[in-house]
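Coordinate inspection notes
Residue-level listing of the chains:
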Amino acid sequence: MKKRPAETTSMVINYAILVILAITTLYPFWHVLMYSVSDSRAAMSGGFFLWPRDFSIKAYQLLYRTRMIITSYGNTIQRTVLGTFLNLAFSASLAYPLSLKRFRLRGFLTMMIFFTMLFSGGMIPTFLLVRELRLIDTPWALILPTLVSPFNMFIMRNYFQSLPASLEESASLDGAKPLRILLSIILPLSLPVIAALGLFYGIFHWNAFFDGILYINDPQKQVLQVFLRNIITVTAIGSTTTIEDRALGAGLSEESMKMAAISASIVPIIIVYPWLQKHFVKGVLIGSIKG
Amino acid sequence: MNQKLSKILALTTALLIVFTLAACQGGTTTTTGSTTGATTTKATTTAATTTTAPTTTAPRDPVTITSLHSGVTVPVEQPSIVLKVRELTNINWEPMLVGSADYQTKLNSLIAARDLPDFFSFGLVNGLEYKDSGMLVELTSLLADYAPDILENRGEFLASGLNTADEIWGIPKPPGYHNALAVRTDWLTNVGLDMPETLDEFYEVLKAFTENDPNKSGKKDTLGLAANILYPTMWQPVFGAYDIAYKLPVMVDGVVTSHLLHPDYLKVIEFFRKLYQEGLMEPDFANMPQMSTLEKLWNGTYGVMGFTPVGTTNNWMPGRYVESPPPTFGWAVIRGPEGKGGFNKSYATGYYGLASTCEEPEEAIKLANFLGSKEGDQLLYFGIEGKHFKWVNEAEGKYEYLAPYNDSATQRADGGFIFWSQFNRWNDNAEIRTMNILTREGLQLSIDNPVSDAYIYQRPAISAELGSTLGDIENEALANLVVTTGNVEEEYAAYVQRWLNEGGEIWQQQATEIYKMENP
Amino acid sequence: MAKKMYKEPVRRRLKREIGAIKRDRLLYIMVIPGVIFFLLFRYVPMYGITIAFRDYNLFRGFSDAPFIGMKIFNRMFNTVAFNRAFVNTIIISLSKLAWGFPAPIILSLMLNEVGHMKLKKAVQTSLLLPHFMSWVVIGGVLYMILSPNSGIIRDIAELFGKGESVVNVMGDKRYFRTFLVVSEIWKGMGYGTIVYLAAIAGIDQELYEAARCDGASKPAQIWHVTLASIRPMIVLMLILRVGHILGAGFEQIFVLSNPLVVEVADIVDTYVYRIGVEQANYSLGTAAGLFKSVIGLIMVLGANYVAKKIDEDSGLI
C-alpha cells in the first residue's frame, strides 16, 4: 500500500510529540523513584536525578518495618477488588436500563442521579449515617457509601447507547430476559468501557484515604494510603515552634522514606494498567461478534 | 477464548467469595489491647494465691481512658510503653493516633457523633467554643484532688487564656520554643568576621557569607540569609531590631494593632529590600516549599537562619546535616539604630481537655497526672529505662538509646515520643532536661531579650468571621513589598488601607478593648 | 406532511403504560438495588445542606441549630476577598475549560494513530503517571525545575547566556494563571484520554473501510469516522464538566499559591478554606458549596438544552 509522504511526516511528528510528552510526564516519577533508592543525605544536595546517588534501599526497609504496612496493603487490596466488582455490577445494573429508550423511568432516574453529582449533604451527615448503620471499622464503610459514581455510570450508559440498537431489540423480541441480554450480549461488547471504569473505580479505591480516616479507627483495619499520607504530607500550615510540628520537621520521616511511600503506592498501578490497556485497542470485538 | 474467560471468571468469583466472607467477619468492636492489659495487671498482683479464686478485695477492673493524639508514626499493635503505663496506673489507657493534617477532621467527626475521646487537644479559639457547647469538664476540683503534679508544674500559668482562677477548662500545653538567630561560626572564622551585633554588621556578615566563599569550596554555592514566607521565625529577628513583634499584636499610639501598621515597618522592609536586591537572602522566599528551605540549611547553603534552637542545634544535629564535619553555630542578637533587639515572647496557645462524655473523670485525671509527672513524662519521651534507653549522666542530661531503639523510627513505633506532646510538662520536661548546652544557651538568650508586644489572650469577636484574612494580607504585603520595583510607600499605604477595610479596623477596636480589660 | 395528533383517552394510555412496564418488569427490578443506594447514601444525608442556613454547632448537633436564613450567604458575598476569589474562579475555570477540555481528546486521537503496540503501551502508561501524584509532590518537582534561581530552567537558560532573565512563573502574577492551566493539563491529560480511548475502541472497523473505499484521506477519516463516533461521549463529558464550573482546582491552587500570586489565584474554595481553617466552619463551607452547586446545575441544564437542540439523542438528560 502506497503511503503518501505527507502521511509519513505527520506520523513521525505524531510519534515525536508523544514521546517528548511521555518523557516529561515520566520524569517526576523517575525523580521520586531514584530519590527513594538513594542515600538520604546524598539525595539532599538537590538538583536533577537521573540515577540513584549512593544506592540504598534503607527507605523501603524503614517503610516496611512495622507489620502494619503489610496489613494495610491487604486491607486496601481487599477493598479494591471487592469494591470495584460491586461498583461495576451496580453501575451496569443502572446503566443498562437507562440506556434503553423504552425504559419509562429513564428521564426521571437520570435527573435524580445526576442531581447527586452536584448536591450532597456533606461529610458529617454521611458519617453519622455510616455510624448509624454500624459500618464503622468494617470494609463495608469503605465500599458502600461510594457504590455507584454517577459520572462513571453515565459513561457506561452512553457507551451502551452507542452499541447498535438492533442487537438488543432482536434479542429482546426473541424473548430473552434483560439480565441475560446484559450479561451475554452487552457486556462482552463493552469490554473497553468496563476496562476503563474498572480502572477508574479501582484507582479510586487504591488511592482513597479520607474515608479511611473517618470510618476506620482500628489500625489493623486501616488502609494503605492513610499510613502513606502521614509520611508524605508535611503540614504546610502553622509554625514549627509547637512541639508536634517540630517533630514533623525534625526527622520523623526521612525525605527518601517519603519518596519510597509515593513509589510504593504508584508502582502497583503501573503494573496493572498495561494489562488493562489491551482492551483499549480498537474494534477487535465488534468485528468478531458481528461475523 | 471461552476456556480462558471461564477460568478467569471462576477465579474472580472465588476471590470475591473469600473477600466477602472476610469482610463480613469484621465487627464493630474496637478494643485492641484491653484484655492483654488486664491480664498483665492481674498477673502482677497475684502473688501467693495459686489455685482458688481471688480474695474478696479483688482490684476493680481497669477503666478505659482514651486520648486522641496527632502524629505521623505507625505504631506497633501493642506498644510496650503504653503497656507500661497501663501497668503502673492500673488504668486501661488507649491512645489513638491520627495524622496531624487530619487531626481536626477526625476530632470533628467524633464530636458530631458524640463519641469523643476522653482527652484531646485544641487551641484557644476552638476551646472557647467547646466550653460554651458544654463539651468540656470543669477541672478545678478534680485537679485539686487528683493532680498534684500538674498543679505544681503549671503553677500560676494555669489561669490564663481559656481559664480563670476559678474555672479551669483546659490544661495549657507548653508554649512553643523560642526563636533564635543561628549564625555559622565556622564561616565567620573563614571570612574573618565577628558575630554581628548591629544591623550594619549583620549586613556585612550576610554579604561575606554570600560572596566570599565562606565554605572554601571555590564555587559560589552559599547564600547569606535563609528566608521563607511560611516561616515567621526567619523574618522576626530583623523586625526585632526595631522592637516590632512580628506576627503578634503590637501597641501603636494606644491602639492594639498589627505589626503591619507599626511606624517603623517600612524601615524593616528597606533592609530586606537591600538584601533581596543584592542577592544576600533567599530569592525564592515566597514560593519555595518549606522542606526545600530546611534542606538548604542541612546541605550547607545557608549561613544564617532564624529558627528555634531546638531544631537547629539539637534535634537536627548532627544527623540531618550533610557536611562532614557538621557545621558549628553561634547565636546573635541584632540591634537596630535605637539599640533595641530581640525575639518574640512565647505564649501558650494550646490546651488539652477532658470530654464531658467521659464516664470516669477521676480516673482520667489520675492518668493525666501520672503522664504529667516527672516519671510519666520521662516514660513517654524516652521509654522504659533499661529497655529503650539508659542514663549516661542523669544530672547533666546525657543519655543513650539502646539498640534497636537507637533508630528513632523504631523507638517511636514502640510508643516513644508520639504520645508525649499532649501531656508533657512545662519547662521541666524530659526534652528540655536533655538538650545540649548550646541549645539551652540559645533559648536563654532569646528569653533574656524579649521584644515588646501587646498580646491579648482572648480573641476579638470578628476573628471568627475573618479566619486568616488579615494574616494573609500581612503576608502579601511583606512578600510584595520586598520584591516590588514600583513605589514602595504607595504600595505600602494601599496594603494598610486594605488591611483596615477588610476587617482590620474593627479588629483593632475590639483588640484594644480586650487589652484594656486584661491589663487594668 | 402534517401528522395528526391523536390524543389517546387517559385510561387507555395508562393501560398501555402499565402493559409496557409489566413486559419489561425485569428491567425495573434491575434498577432497584442501585436506586436504593442513591436513596440511602445520597438522599438521606441531604438534610446536611440546611447547615448553610443554620447556626450549626458540631456538638449540639442538628436539633439545636437555629435557623438563620441567608445570613451566611450575605456575609460571604459582601466581603472583598470573596468577590476577588469569585472573579478568579471564573477566569481560571474558563481558561482550564477552553484549553484543558480539548487536550485529552486530541491526545487520544494521536495515541490512536500509533501502531507500534509496545511504544503505545509505554507512552500511555507514562502519560498517566502525573495524575497519581499529589500536587504536593508535583509542586515540589515543578519548583525544582522552574525556580529562576536554583532550578533546572536556570541552568538551561545559562547555556544560552540568558541566565538572568528567567521569569519566575510560579511567583509572578502575570504568568501564574497560565502556569496553573498548563500544569493542570499536563497532569491530567493522560488520565483524561482513557474515556475517549475506550470509546474509540468501540468503533466499528467497517466504517473505516467504507471511508477508505470512498477515497477519504487520513485526516478526513479521523474527522468523519473517529470524531463523529465519539461525539456523543464528548458531549456528555462537556456537559458533566460544566457542572463543576465553579470548582477551579482546589488542591492545585492550595499547594501552589503564595503571597505573590494570591491576588490572581485565590479561588472560592481556597478562600472558604482559609476562613474556616481555625474553627471548623461547616456552615460557611456548606453555603459556598451550595452556591457552587446551584450555579453548576444551571450550567448543566443550559448545556444539555443546547446539546439536545443540535442532536436529539445526545446530551445527559
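Residues numbered from 1 in each chain as written. Chains lettered and ligands numbered in written order. Predicted model: local features only at pLDDT ≥ 70, side-chain atom pairs only at ≥ 80, totals over all residues.

1. Regarding the overall build of chain A
- In terms of regular secondary structure, chain A is built from 16 helices and zero strands.
- Among the 291 residues that make up chain A, the fraction classed as buried is 47%.
- A fraction of 72% describes how many contacts in chain A between residues 6 or more apart in sequence connect residues 24 or more apart. (Helix = DSSP H or I, 4+ residues; strand = E, 2+ residues; numbered from the N terminus. Buried ≥ 20, exposed ≤ 12 C-beta atoms within 10 Å, placed from the backbone. Contact = placed C-beta atoms within 7 Å.)

2. Quick look at the sheet that holds strand β10 (residues 329-332) of chain B
Residues and elements named next belong to chain B.
- Read across the sheet, four strands follow the order β6-β9-β5-β10 without closing on themselves; strand pairing throughout is mixed. Since the sheet does not close on itself, it has two edges, and those belong to β6 (223-225) and β10, each with one partner. For this sheet, the mean angle separating the axes of adjacent strands, direction not counted, is 25°.
- Looking at chain direction, β6 and strand β9 (residues 302-307) are connected through two bridges and run parallel. Within the sheet, the bridge partner assigned to leucine 223 lies in β9 and is tyrosine 302.
- Against the sheet, helix α9 (residues 199-211) contacts β6 and β9, and its axis sits at roughly 155° relative to β6.
- On the sheet, helix α19 (residues 437-448) packs against β5 (180-184) and β10 and is oriented at approximately 135° with respect to β5. (Pairing = 2+ DSSP bridges. Axes fitted to C-alpha atoms, helices over the stretch in contact; angles between N-to-C directions.)

3. Regarding the nonpolar core
- Judged by nonpolar contacts, the single largest core of 267 residues is most densely connected at Met156(A), Ala182(B), Val268(B), Val304(B), Ala368(B), Val195(C) and Ala198(C).
- The element that contributes the greatest number of residues to this core is helix α9 (residues 173-201) of chain C, accounting for 12 residues.
- Setting aside chain neighbours within four positions, we find Val268(B) in contact with Val238(B), Phe239(B), Tyr242(B) and Ile244(B). (Core = buried A, V, L, I, M, F, W, Y, C linked by C-beta atoms within 7 Å.)

4. Comments concerning the interface of chain A and chain C
- Counting from both sides, the interface comprises 74 residues of chain A and, opposite them, 66 residues of chain C.
- Partitioning the side of chain A that touches chain C into residue classes produces 51 nonpolar, 18 polar and five charged. (Nonpolar A, V, L, I, M, F, W, Y, C, P; charged D, E, K, R; others polar.)

5. Comments concerning the packing of helix α11 (residues 218-242) of chain C against helix α15 (residues 282-310) of chain C
All names here are of chain C.
- The N-to-C vectors of α11 and α15 enclose an angle of 155°; their axes lie 8 Å apart at closest approach. On the basis of their axis angle, the class for α11 and α15 is roughly antiparallel. You can see that α11 and α15 cross each other, and the crossing is right-handed. Contacts between α11 and α15 involve Val235, Leu238, Ile239 and Val242 from the first element and Met299, Val300, Ala303, Asn304 and Ala307 from the second.
- Here the contact of α11 with α15 is composed, by residue class, of eight nonpolar, one polar and no charged. (Parallel < 35°, antiparallel > 145°, perpendicular 65-115°, else oblique. Left-handed = near helix turned anticlockwise from the far one by under 90°.)

6. Overview of the confidence of the model for chain A
Residues and elements named next belong to chain A.
- Residues at a pLDDT of 70 or more form 84% of chain A, whose mean pLDDT is 81.
- Highest mean pLDDT in chain A belongs to helix α7 (residues 140-143) (95); lowest belongs to helix α14 (residues 243-252) (41).
- Across residues 283-291, where pLDDT falls below 50, the model places 11 contacts with residues more than four positions away in sequence or in other chains. (pLDDT = per-residue confidence, 0-100.)

7. Observations regarding the domain arrangement of chain A
Residues and elements named next belong to chain A.
- Splitting chain A by domain gives domain 1 (5-56) and domain 2 (63-290).
- Of the residues lining the interface, nine residues belong to domain 1; the matching set on domain 2 comes to eight residues.
- Take the side of domain 1 that touches domain 2: its biggest share by element is five residues, from helix α1 (residues 5-36).
- When its residues are assigned to classes, the side of domain 1 that touches domain 2 shows six nonpolar, three polar and no charged. (Domains from an automatic or database assignment.)

8. Things to note about helix α12 (residues 290-298) of chain B
- By the burial criterion, the buried members of α12(B) are Thr293(B), Leu294(B), Lys296(B), Leu297(B) and Trp298(B).
- One or two positions beyond α12(B), positive phi appears at Gly300(B), with a value near 85°.

9. Side note on α1(A)
All names here are of chain A.
- Its 32 residues place the ends of α1 46 Å apart at the C-alpha level, agreeing with the 46 Å of an ideal helix rising 1.5 Å per residue.
- Approximately 35° is the largest bend angle found in α1, and it occurs at tyrosine 27, with the proline proline 28 only one to four residues beyond.
- Within the span of α1, buried status applies to Leu18, Ala22, Thr25, Pro28, Phe29, Val32, Met34, Tyr35 and Ser36. (Expected span 1.5 Å × (residues − 1). Bend = angle between axes of the 7 residues up to and from the residue.)

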